[in-house]
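Descriptive analysis of the structure
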Amino acid sequence: MVARIHATADVSRDASVGDETHVWHWAQIREGARVGRHCNIGKDVYIDVGVSIGDNCKIQNFATLYRGVEVANRVFVGPHVCFTNDVYPRAVSPDWQVVATKVEDEASIGANATILCGITIGRCAMVAAGAVVTKDVPPHGLVAGVPAKLIGWVCECGRPLDRNMQCAHDGKSFPELKRKASRPRSRRRK
Ligand SMILES: [Zn+2]
């Protein structure tokens, strides 16, 4: 099945949209943007010039992905999520440069979160709704708040991991995260 694009959506002729992707009402996909296969691009989503989105992503209503944003595969972007691409925003800045942001495979970004630029959101990471992310999020990290802080770790299924880095829901464990989680504490002791 080729992509299904609603009649009200504005998809540039220079953008590419993969097979079996749905683009809903009033979404805009600009020139040079690439959207993969099996994606869901919600109502009023804005995908700026050159933005890249992998396969099997869900971009919920009203999310805005500006130039410089690169989203990998199976990424969830909640409704009204706002990416930025400017460290020194001014209405007029003659030497303005795009600052890139990356979202790795299977990460999720909760509703209404704001993502400052120059950041990487790691694989399977979880950004809580309403968070303002100002620095990198490690793989499987759970961040929340304004500014967002690392408050825990999550499983591939999205549920929080216990102290042994195990998921009560599906029994998966992530011992490699345990070492990461203990690192900042040992640093403080010195
Ligand atoms: Zn799990």
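In this report, the structure presented in the accompanying data block is examined. Given the structure is predicted, the values throughout are model-derived calculations rather than measurements.

**Some words on the pattern of salt bridges**
Inspection of every chain in the model, using the stated rule, returns 7 salt bridges. Notably, a salt bridge pairs aspartate 48 with arginine 30, separated by 3.4 Å at the nearest N-O pair. Here arginine 30 lies in the loop between strand 5 (28-29) and strand 6 (34-35) and aspartate 48 lies in the loop between strand 8 (46-47) and strand 9 (52-53), a separation of 18 residues in the sequence. For aspartate 48, a relative accessible area of 8% corresponds to the buried category. As a salt-bridge pair, aspartate 44 and lysine 43 come within 2.6 Å of each other at their nearest N and O atoms. By relative accessible area, aspartate 44 is classed as partly exposed at 27%.

**Some points on the packing of aromatic side chains**
Tallied over the full model, the rule gives 1 aromatic pair. Relative to tyrosine 66, the ring of tyrosine 46 has its centre 5.6 Å away and its plane inclined at 50°; by these criteria the two rings are tilted. Remark: tyrosine 66 occurs in the loop between strand 11 (64-65) and strand 12 (69-71) and tyrosine 46 occurs in strand 8; sequence separation between them is 20 residues. Take tyrosine 46: its relative accessible area is 18%, and that puts it in the buried class. Taking relative accessible area as the criterion, tyrosine 66 reaches 28% and is therefore assigned partly exposed.

**Concerning the layout of surface pockets**
Estimated volume of the largest pocket: approximately 270 Å³. If you go around the largest pocket, you meet 14 residues; those closest to its centre are Lys135, Asp136, Pro138, Lys149 and Leu150. Counting residues per element, the ones that place at least two in the lining of the largest pocket are strand 22 (149-153) and helix 1 (175-189). The leading source of residues in the lining of the largest pocket is strand 22, at 3 residues.

**What to know about the coordination of the zinc ion**
When a metal carries six donors in an octahedron, the ideal angles between them are 90 or 180 degrees, while four donors in a tetrahedron ideally lie at 109.5 degrees. The protein atoms donating to the zinc ion are Cys155 (SG), Cys157 (SG), Cys167 (SG), Asp170 (OD) and Asp170 (OD), with metal-donor distances spanning 2.3 to 2.7 Å. One chain supplies every donor for the zinc ion, spaced along it as C-x1-C-x9-C-x2-D. Linking cysteine 157 in the loop between strand 22 and helix 1 with aspartate 170 in the loop between strand 22 and helix 1, this pair joins segments that are 13 residues apart in sequence.

**Describing the pairing of strand 21 (residues 141-144)**
One face of the sheet, then the other: side chains in a regular strand alternate in exactly this way. Note: strand 19 (residues 126-127) against strand 21, 2 bridges, orientation parallel. Along strand 21, the bridge assignment pairs methionine 126 with leucine 142. Where strand 21 and strand 22 come together, 4 bridges link them in antiparallel fashion. What sits directly across from glycine 141, in strand 22, is tryptophan 153. Linking strand 21 to strand 22, which pair antiparallel, is a turn of 4 residues; within it glycine 145 sits at a positive phi near 100°.

**Considering the sheet that holds strand 13 (residues 76-77)**
Two orientations exist for strands paired in a sheet by backbone hydrogen bonds: parallel and antiparallel. One open sheet accounts for 9 strands, arranged 1-4-7-10-13-16-19-21-22; its pairing is mixed. With one partner strand each, in any of the chains shown, strand 1 (4-5) and strand 22 form the two edges of the open sheet. Judged from the 2 bridges that link them, strand 1 and strand 4 (residues 22-23) form a sheet pairing that is parallel. For isoleucine 5, the partnering residue across the bridge sits in strand 4 and is valine 23.

**Overview of the nonpolar core**
In this structure, Ile53 and Ile121 are the most contacted members of the largest nonpolar core, which totals 37 residues. Here isoleucine 53 is in contact with Arg34, Val35, Gly36, Cys39, Ile47, Ile59, Leu65, Val71 and Ala72, once residues within four sequence places are set aside. Membership of the second largest hydrophobic core comes to 8 residues, among which are Trp153, Cys155, Met165 and Leu177.

**Let's talk about the environment of glycine 145**
Note that glycine 145 resides in the loop between strand 21 and strand 22. Residues contacting glycine 145, with those up to four places away along its chain left out, are Ala131 and Val132.

Quick notes on the rules
- Residues numbered from 1 in each chain as written.
- Predicted model: local features only at pLDDT ≥ 70, side-chain atom pairs only at ≥ 80, totals over all residues.
- Heavy atoms only, no water.
- Salt bridge = Lys/Arg side-chain N within 4 Å of Asp/Glu carboxyl O.
- Helix = DSSP H or I, 4+ residues; strand = E, 2+ residues; numbered from the N terminus.
- Buried < 20%, exposed > 50% of the residue type's maximum accessible area, 1.4 Å probe, protein only.
- Phe/Tyr/Trp six-rings, centres within 6.5 Å; stacked < 30°, edge-to-face > 60°.
- 1 Å grid on protein atoms, 1.4 Å probe; cavity = no way out; pocket = protein on both sides within 12 Å on 5 of 7 lines; lining within 4 Å.
- Points joined across faces, edges and corners; volume = space filled by probe spheres on them.
- Donors = N, O, S within 2.8 Å, 3.2 Å for Na, K, Ca; no water.
- Pairing = 2+ DSSP bridges.
- Core = buried A, V, L, I, M, F, W, Y, C linked by side-chain atoms within 4.5 Å.
- Contact = heavy atoms within 4.5 Å.

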